[in-house]
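# Survey of secondary and tertiary structure
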Amino acid sequence: MVRFIDPFRDLGTKLLSVEKPARYSGGEYGSAVVKDAPLKTVIAFPDLYEIGMSNQALRIIYKKLNAIPGVSCDRAFAPAPDFEQLLENEKIPLYGLDTGIALCDADIICLTLGYELGVTAFLTMLRSSGIPVRRADRGKGDPVVIMGGPCVSNPLPYSRFADAFWIGEAEAGFFELCEKLLEKKKAGAARDDMLAVVVSHPSVWAPGKTGVSRAIYADFGRADFDRTETRAAYVFPVSSIKTVQHHGAVEIMRGCPNGCRFCHAGIWYRPMRQKNAGLVVQEVDELVNAGGYREISLSSLSSGDYCYIDELVAYLNSVYSSRHVSFQLPSLRVSGFSLPLLEKISEVRKSGLTFAVETPREMWQLGINKTVKLDEIVSILAEAKRRGFRGAKFYFMIGLPPANLRGPENGQTGEQDAEPGEEEKAIVDFIAEAGRRSRGHFHINVGVFVPKPHTPYERAAQLDEDRARRGLSYIVSALRPLGHKVSVHDPFTAMIEGLIARGDERVGELLEQAFTLGARLDPWTEYFRKDIWRGLFADNPKLVASLTGERTEKVLPWSIIGSGVSRGYLENEKVRSDEPVLTSPCIEKCTKPCGICGKNYNVVKNSIQYEVKNGENTEGATGIWRMLFSFTKNESAVFVPHLGVIEVFAMALLRSGLRPVFSQGFNPHVKLEFASPAAVGTICDAEMAAVDFADRVEPERFRAALGGVLPAGFAVTAAETFAIPFGAKKHSLPSLLYGAVYAASIPGGTDECIKDEKAYRQGLPAGMFPHRTRLLARDPASENESYTGYFEAYRRLYGTKDGT
C-alpha cells in the first residue's frame with residue numbers, strides 16, 4: 001500500500017512550528033507528476049529546498065522522467081533539523097512535494113550529489129524516509145537507491161549507502177534505462193530483478209564492478225528536443241519562495257575548452273558542446289513566457305567561449321529588454337573579457353565585474369593552464385569605471401600545486417613555511433597594486449584548493465589546515481585595512497571535502513559515524529557540527545593523512561571509473577604544469593588530444609548568429625490604469641510568506657501575457673502592491689492587491705489570464721479597473737487599510753473585525769488555522785472613522801469601476 005502525505009491535512013498548523021514551512025508544502029506552479037504511474041520515482045536532492053530548486057540536474061531528471069508515459073518523478077529535499085524532528089514526532093515519513101508519496105514507497109530514488117559534504121543530508125533523507133541507511137540492510141520492500149552527479153566520479157566513499165551509481169550525464173541512457181525498469185515493473189519484477197537491470201548498464205557502477213565508462217550525451221547542443229515533449233526548456237516547477245538562484249537557466253554549453261588543470265568539472269564534462277543558438281532562444285522564450293522568469297542565466301563553465309555570444313545577448317536584449325528581462329553570464333574568463341558584452345548583460349540590471357584569477361603570478365598561472373595578467377585587469381577596471389561600472393570581485397585559491405612547489409623561485413626551500421608563504425604575499429601584492437592603479441576597493445574571496453579525482457592534480461597533497469588558516473588570516477589582515485572586503489573559506493571544511501573526494505570505502509564508515517553522532521547539512525555554517533568532525537579526524541589521523549596527502553599508490557581507487565580522458569593525458573598535463581607550459585584550448589582538430597574525441601564524441605560549436613530586433617514599447621502616455629483585485633490563499637498556499645506571495649503574482653503576470661508597468665531605477669520591478677501582508681499560516685478568502693497597467697485591461701481578461709498561471713491555493717476572485725490620470729494622487733492600498741475581518745474562533749461564533757491579531761491567534765484552539773475573510777478600507781467619503789470595502793473605496797476615489 002503506497003502512502004501519500006498531504007502536509008496541509010496531515011501536519012496542519014504543526015508545520016508552522018518550523019522555519020520556512022513552504023519548503024515542505026508543495027503546490028508550486030507547473031508540477032507535472034502523475035500520482036498513479038506504474039513506476040514511481042523520486043529525485044532526492046541532498047540539501048535544503050532553496051538550493052535544490054536551483055539545480056539544473058534536478059530539473060532535467062524531473063522533466064525527462066515525467067515525460068515517459070507510465071513513470072512519475074516526484075521531488076524531495078533534505079529536511080532541516082526542525083522539520084526532521086517534526087516528522088519523527090508525528091511518525092510521518094519524508095515525502096515528495098508533488099504527489100506526497102512517502103519516499104520509502106517509491107520504486108526508485110534518484111539522488112544527484114554535486115558537493116561532497118551533502119552526503120550527511122542524503123543519509124538524513126534516507127532515515128527520515130524509513131529507508132535503511134546501509135544498502136546491505138535493504139530488503140524487497142525498499143526502493144532502489146541510485147546516486148549520480150559529479151561527486152560519483154569516485155563512488156567508493158558512498159558505496160556503503162547507494163545501491164548503484166549512474167556515472168556521467170543522465171541524457172545519455174538513464175531515461176532509456178528507466179523505460180526498461182517500467183516494463184519490468186509492469187511484468188511484476190521484484191526489487192532484486194530491478195536492481196540487476198540497473199547494474200547491468202555499462203554506465204552504472206556498483207560494488208564489485210569494474211570497467212565502467214562515463215555516459216556522455218553526444219547530441220547535446222545539436223539535437224532538437226524530444227518531439228514527444230511540449231517544451232525544450234527546463235521550466236517547471238516554479239518555486240513559490242525565493243531560492244538561492246531564483247532565475248531561469250539555459251545551459252548554453254556543456255564542458256569547457258580551456259583545460260584548467262585544477263578544475264574537476266572541466267575534465268569530467270568533456271568534450272565542449274555548445275548548444276544551437278536557435279534552441280537557446282527557444283528555451284529563453286519558454287522560461288519567460290511559460291515560467292515568468294525575468295532573470296535568465298546563460299550558464300556554462302565558460303560562457304565567454306560560446307561562439308557569437310555577443311550577438312546572441314544583443315539579440316535577446318532587443319527582444320526582451322522592454323519587458324525588463326535581464327541576462328546573466330556567470331562564467332566569463334578575463335582573457336576573453338568584453339566590456340561591450342558586459343554592458344549588454346547589464347542593460348536591464350547592472351552587473352559587477354568578476355575576475356577568477358585563482359593564483360597571482362604568471363608562472364603559477366601557466367602551471368594551472370590559465371593566464372590573467374594584472375595589466376589587463378587594470379585596463380579593464382579603468383574602462384569599466386569610465387562606462388559607469390562600480391566595484392569588482394576577485395577569486396583566488398591557496399594551495400594550488402604550481403604555487404607550492406619546493407624551490408627557490410617560489411621562496412620555499414624546505415617544508416611548508418611556519419609563516420605565510422609567497423603565495424599569500426603575492427595575492428596581497430596583486431590586489432594592493434590593482435587597487436592602487438585603479439583607485440578601487442574590491443570584494444576578495446579566497447578558498448583552499450581541494451585536489452579532485454580525474455584531474456592532473458589528483459595525486460597532489462592538499463594544503464594542511466594549520467598552514468591554510470595562517471595564510472588566510474594573513475590575507476585578511478593585510479587587505480582589510482586597505483579598504484577591501486575579504487571573505488575566506490573554512491580550511492577544515494576543505495579538509496573534509498578533500499577526505500571524501502579522494503577517499504575509499506573506509507571513508508563511508510566515517511560518514512556513517514558522523515551522521516549517527518548528529519552531523520546534518522554540513523555545507524551550512526549554522527548546522528555544521530565541527531566538533532563531530534574534529535573528533536573523527538582525531539580518532540583517525542593515519543587515514544586522514546593518507547587520503548589528503550600526496551597519493552603515491554600505483555593504482556588510484558577511482559581508476560575503476562573511466563572518465564573518457566586518458567590516464568596518459570592527465571599525467572602529461574601534470575608534467576606540463578611543473579614545467580610550466582600552457583596547453584591550448586579544445587578545438588575540433590587539437591594538437592594535444594585527451595582521448596575524448598573520436599568516433600562517438602567531438603567538440604560542437606554554435607554557428608548561428610542573430611541580428612538585433614526592435615523591442616516593443618509598453619509605456620503609456622495618458623496615465624495609469626490600476627487593476628484592483630481580490631484573491632484567495634488556501635491549503636499549500638497558506639505556508640507561502642508575504643515576499644513569496646509578491647513573487648508569485650509578479651511571475652504569474654509575466655506568464656499571463658499581460659504587460660504591467662515597471663518601476664524605474666537599478667532593479668526594475670512590477671508595480672504591484674498589497675493591502676496587508678497575511679501572516680504565514682493564515683487562510684485568506686479575499687486579500688486585496690493592485691497592479692498598474694499603461695493601457696486599460698478588462699477585468700474579465702485579467703481574471704482569465706491569471707486563472708491558469710497561479711500556483712495551487714491561489715485564485716483571483718474579483719477585479720475592477722480604475723483610471724488614474726497623470727498628476728492625480730494614487731492612494732496606496734496600505735494607506736486605506738482600516739482593519740481585517742477574521743472568522744469566528746469558536747463554533748457558532750460570528751466573524752469580527754480584529755485589531756489585535758496577535759491576541760486573536762493566541763486564542764485559537766489547537767490545530768486551527770487563522771482565517772481572514774476580508775479586508776476593510778477607510779471610507780474616503782466620510783470624515784468620521786468609518787469603513788467600507790476596498791472596491792467601494794476606490795470607486796469613491798476615482799469614479800466608477802469603468803473609470804468615469
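Structure report, in brief.

Thresholds applied
Residues numbered from 1 in each chain as written. Predicted model: local features only at pLDDT ≥ 70, side-chain atom pairs only at ≥ 80, totals over all residues. Heavy atoms only, no water. Salt bridge = Lys/Arg side-chain N within 4 Å of Asp/Glu carboxyl O. Helix = DSSP H or I, 4+ residues; strand = E, 2+ residues; numbered from the N terminus. Buried < 20%, exposed > 50% of the residue type's maximum accessible area, 1.4 Å probe, protein only. Pairing = 2+ DSSP bridges. Axes fitted to C-alpha atoms, helices over the stretch in contact; angles between N-to-C directions. Contact = heavy atoms within 4.5 Å. Right-handed = clockwise from strand over helix to strand, strands pointing away. Core = buried A, V, L, I, M, F, W, Y, C linked by side-chain atoms within 4.5 Å.

## Looking at the pattern of salt bridges
All chains considered together, the criterion is met by 48 salt bridges. For the salt bridge of Glu50 with Lys20, the shortest nitrogen-to-oxygen distance reads 3.1 Å. With Glu50 in helix α2 (residues 49-52) and Lys20 in the loop between α1 (7-11) and β1 (39-45), the pair connects residues that are 30 residues apart, well separated along the chain. Judged by its relative accessible area of 40%, Lys20 falls in the partly exposed class. In this structure, Arg772 and Glu687 form a salt bridge, with 2.5 Å as the shortest nitrogen-oxygen distance. Of this pair, Arg772 sits in strand β24 (residues 771-778) while Glu687 sits in strand β20 (residues 683-693), placing them 85 residues apart in sequence. What makes Arg772 buried here is its relative accessible area of 1%. Under the relative-accessibility criterion, Glu687 is labelled buried at 4%. Connected through salt bridges with shared partners, the residues Glu169, Glu171, Arg214, Glu251, Arg254 and Arg273 form a single ionic network.

## Overview of the sheet that holds strand β12 (residues 326-328)
If you trace the three strands from one edge of the open sheet to the other, you get β8-β11-β12, paired in parallel fashion. Sheet topology places β8 (248-251) and β12 at the edges, where each strand pairs with a single neighbour. Mean inter-strand twist for the sheet, computed between neighbouring axes without regard to direction, equals 25 degrees. Direction of pairing for strand β11 (residues 295-299) relative to β12: parallel, over a ladder of three bridges. For Ile296, the partnering residue across the bridge sits in β12 and is Phe327. Each of β8, β11 and β12 touches helix α9 (residues 277-289); the most contacted strand, β8, lies at about 165 degrees to it.

## Structural notes on the pairing of strand β4 (residues 144-148)
Of all five residues in β4, five are buried; the element is thus mostly enclosed. Side chains Val144, Ile146 and Gly148 project from β4 onto one buried face, and the interleaved Val145 and Met147 project onto a second face that is buried too. The sheet contact formed by strand β3 (residues 108-112) and β4 spans five bridges and is parallel. The residue bridging Ile109 from the neighbouring strand is Val145, located in β4. Read as a crossover between parallel neighbours, the route from β3 over helix α5 (residues 119-129) to β4 is right-handed. In this structure, β4 lies alongside strand β5 (residues 164-166), joined through two bridges in parallel fashion. Within β5, the residue paired with Met147 across the bridge is Phe165.

## Some thoughts on the sheet that holds β3
Strands pair in a sheet through their backbones, by hydrogen bonds, and they do so in one of two ways: parallel or antiparallel. Within the open sheet, the six strands sit side by side as β2-β1-β3-β4-β5-β6. Their pairing is mixed. What marks the edges here is a single partner per strand, and that holds for β2 (71-77) and β6 (204-205). Contacting β1, β2, β3 and β4, α5 runs over the sheet at an angle of about 165 degrees to β4. Against the sheet, helix α6 (residues 174-186) contacts β1, β2, β3, β4, β5 and β6, and its axis sits at roughly 140 degrees relative to β1.

## Observations concerning the nonpolar core
Leu298, Phe394, Phe649 and Phe702 are the most contacted members of the largest nonpolar core, which totals 207 residues. The biggest single contributor to this core is helix α21 (residues 642-656), with eight residues. When near neighbours in sequence (up to four residues on either side) are disregarded, Phe649 contacts Phe629, Phe631, Leu672, Phe674, Leu706, Leu710, Phe714 and Val716. Ranked by size, the runner-up nonpolar core spans 20 residues in total, among them Ala675, Leu736, Leu764 and Tyr790.

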